[in-house]
Amino acid sequence: MSCENCKSGCGGCGNLLLTEAELALLRRLGETPFLPAAAAFDRKMPVYLEERDRPPEEYAGAILGLAGKGLIRLDYDIPLENFDYAAYRAYPLHGSIALTGRGQDVLEQIEIQGIEE
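Residues numbered from 1 in each chain as written. Predicted model: local features only at pLDDT ≥ 70, side-chain atom pairs only at ≥ 80, totals over all residues. Heavy atoms only, no water.

Colleague: Would you take a moment to explain the pairing of strand E3 (residues 93–99) for this structure?
Modeller: Look at any regular strand and the pattern is simple: side chains alternate between the two faces of the sheet. Of all the seven residues making up E3, six are buried; the element is thus mostly covered by neighbouring parts of the structure. Here strand E2 (residues 72–75) pairs with E3 via four bridges, running antiparallel. Residue pairing in the sheet places arginine 73 in a bridge with alanine 98 of E3. (Buried < 20%, exposed > 50% of the residue type's maximum accessible area, 1.4 Å probe, protein only. Helix = DSSP H or I, 4+ residues; strand = E, 2+ residues; numbered from the N terminus. Pairing = 2+ DSSP bridges.)

Structure, rendered in structure tokens:
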């Protein structure tokens, strides 16, 4: 299947499609291995409030996109220890985001080889 027909961006053909928000969050996770996340009980939309350069909806899409590509793990059952979730008090589930092994590999490749736009 060619990339024009591929909707998942999984990289099966050797290309991985990332949005700007996904790339920014991936790089952030390269600097800080664990980031906080929260959600309502339905777990449909992850919430990340640590940075204000994008709307929360855009971060939610980036989190879901990266998780769908197998680059991060989103876990509402593992909150960060010693993290103040006060900004997330409107959301009952407090968890974390971390790079997967594949995510680390992709991030290293981006740093070494660069990225095409």
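Picking up where we left off.
Colleague: Would you mind going over helix H1 (residues 20–31) with me for this structure?
Modeller: Every α-helical turn comprises 3.6 residues, leaving residues that sit three or four positions apart pointing alike. For H1, spanning 12 residues, the distance from its first C-alpha to its last is 17 Å, which sits close to the expected 16 Å at 1.5 Å a residue. All buried positions along H1 are accounted for by Ala21, Glu22, Leu23, Leu25, Leu26 and Leu29. Where H1 is buried, its residues contact strand E1 (34–39), helix H2 (56–68), E2, E3 and helix H3 (101–113). (Expected span 1.5 Å × (residues − 1). Contact = heavy atoms within 4.5 Å.)

Colleague: What is the right way to read the nonpolar core from this model?
Modeller: Looking at soluble globular proteins, one finds that nonpolar side chains tend to be buried together. Membership of the largest hydrophobic core comes to 25 residues, with the highest contact counts inside it found for Leu25, Leu26, Tyr48, Ile72, Tyr88 and Ile97. For this core, the secondary structure elements donating two or more residues are H1, E1, H2, E3 and H3. Ignoring any residue separated from it by four or fewer positions in sequence, one finds isoleucine 72 in contact with Leu29, Ile63, Leu66, Ala67, Ile97, Ala98, Leu99 and Thr100. (Core = buried A, V, L, I, M, F, W, Y, C linked by side-chain atoms within 4.5 Å.)

Colleague: Mind showing me how you'd approach the side chain of arginine 54 here?
Modeller: Tracing the sequence through the fold places arginine 54 in the loop between E1 and H2. Using a relative accessible area of 18% as the deciding quantity, one classes arginine 54 as buried. Within polar-contact distance, the side chain of arginine 54 engages the side chain of glutamate 58 at 3.1 Å. (Polar contact = N/O pair within 3.5 Å; in protein donor to acceptor, adjacent residues only side chain to side chain.)

Colleague: It is not clear to me how the environment of alanine 37 should be interpreted in this structure. Could you clarify?
Modeller: Mapped onto the secondary structure, alanine 37 falls in strand E1. Along the chain, alanine 37 and leucine 49 lie 12 residues apart, while their C-alpha atoms are 8.0 Å from each other. Setting aside anything within four residues of it in sequence, one finds alanine 37 in contact with Val47, Leu74, Tyr85, Leu93, His94, Gly95, Ser96 and Ile97.

Colleague: I would appreciate a short explanation of the packing of H1 against H3 in the present structure.
Modeller: For any two helices packed against each other, one specifies the crossing angle of their axes together with the interaxial distance. Running from amino to carboxyl end, H1 crosses H3 at an angle of 100°, the nearest separation of the two axes being 10 Å. Relative to H3, the element H1 is oriented roughly perpendicular. Packed against H1, whose contacting residues are Leu23, Leu26, Arg27 and Gly30, the element H3 presents Gly103, Val106, Leu107 and Ile110 at the interface. Split by residue class, the contact of H1 with H3 holds five nonpolar, two polar and one charged. (Axes fitted to C-alpha atoms, helices over the stretch in contact; angles between N-to-C directions. Parallel < 35°, antiparallel > 145°, perpendicular 65-115°, else oblique. Nonpolar A, V, L, I, M, F, W, Y, C, P; charged D, E, K, R; others polar.)

Colleague: In this structure, what is going on with H2? I would like to understand it.
Modeller: In this model, H2 (13 residues) spans 18 Å end to end at C-alpha, consistent with the 18 Å of a helix rising 1.5 Å per residue. Within the sequence span of H2, burial applies to Tyr59, Ala60, Ala62, Ile63, Gly65 and Leu66. Each element contacted by the buried residues of H2 is listed here: H1, E2 and E3. Remark: glycine 70 follows H2 within two positions and exhibits a positive phi of approximately 75°.

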